[in-house]
Structure formats: C-alpha cells, structure tokens
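Structural overview for review
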Amino acid sequence: MDYDPSLTLYYITIEPKNATVYGNETIQYSCKAFYFDGSMHDVTNDADWVINPDNYGNFSPGGEFFPSDVNGICTITASYKGISDKTNLTLHSGELFETGMVTDIDGNVYKTIKKSDQW
C-alpha cells in the first residue's frame, strides 16, 4: 500500500448506491476509505464484499458483482478494517430485457431498457 497504515480510519463508502442490474449484467463496485486526517484511499481490492441473501450472486475479490438468475432486492456490504457500508441492489435477472443508449439534445447519455417491445 502506498499510504501510512497507521492513519486512523474514519469511515468507508461504497459506490454505486442503490443500483439496478438487468439480465446477466455485471456491476463494478468501489470502496473508498476516509481517514481523520482528511485523506481518502481506494480500498476496493482490500475490502471484504458480502451479498445478502447470498444466493443472489457473488463477488470477485476486486468488487465486481456477478448476479444469479433471480429477481429481487439484496443488500451489498463492504467491510474494511472493522468498518462497513452497505447499499441495496435490485436484480431483474430472470426477466427478458434489452438495453441500449440514447443521447438527448444536450448531449447527455442515458441507459435505456426495452422490455418486450417497449423502450
């Protein structure tokens, strides 16, 4: 690690918050540690990742989530040095969806979802 391990950990955060995945889409989570001295370090690879219920999918050591073929809401928790943060993840894995991208007139890009024949 390239930071002083003697720093006192204040809190951690995981991102993204309250995400939704469709089909067999994977999602990459990140974990940041914030210290009392004001510094911040990415600890994604050092965090312990847990999903509850555990049959909703699994994590790679680097925070990438691989969903199971289930629908519902689960809780994602990351822990680092005794401190944890959590968020919800909504899975629509068993439904038939198609995703695409659309750009509005201002250049903003949005993810779109097609279910059956409706975008």
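Residues numbered from 1 in each chain as written. Predicted model: local features only at pLDDT ≥ 70, side-chain atom pairs only at ≥ 80, totals over all residues. Heavy atoms only, no water.

In this section: the pattern of salt bridges. Tallied over the entire structure, the rule returns 1 salt bridge. The residue Asp 85 makes a salt bridge to Lys 17 at a minimum N-O spacing of 2.5 Å. Remark: Lys 17 occurs in the loop between β1 (9–15) and β2 (19–22) and Asp 85 occurs in strand β10 (residues 83–92); sequence separation between them is 68 residues. Take Asp 85: its relative accessible area is 16%, and that puts it in the buried class. (Salt bridge = Lys/Arg side-chain N within 4 Å of Asp/Glu carboxyl O. Helix = DSSP H or I, 4+ residues; strand = E, 2+ residues; numbered from the N terminus. Buried < 20%, exposed > 50% of the residue type's maximum accessible area, 1.4 Å probe, protein only.)

Here we come to the nonpolar core. Grouped together as the largest cluster of nonpolar side chains are 24 residues, with contacts concentrated most on Tyr 29, Cys 31, Trp 49, Phe 65, Ile 76, Leu 89 and Leu 91. Elements with a contribution of two residues or more to this core: β1, β2, β4 (30–35), β6 (48–52), β9 (71–80) and β10. The dominant element in this core, judged by the number of residues it contributes, is β9, at 4 residues. With sequence-adjacent residues up to four places away left out, Leu 91 is seen in contact with Val 21, Tyr 56, Phe 65, Pro 67, Val 70, Asn 71, Gly 72 and Cys 74. (Core = buried A, V, L, I, M, F, W, Y, C linked by side-chain atoms within 4.5 Å. Contact = heavy atoms within 4.5 Å.)

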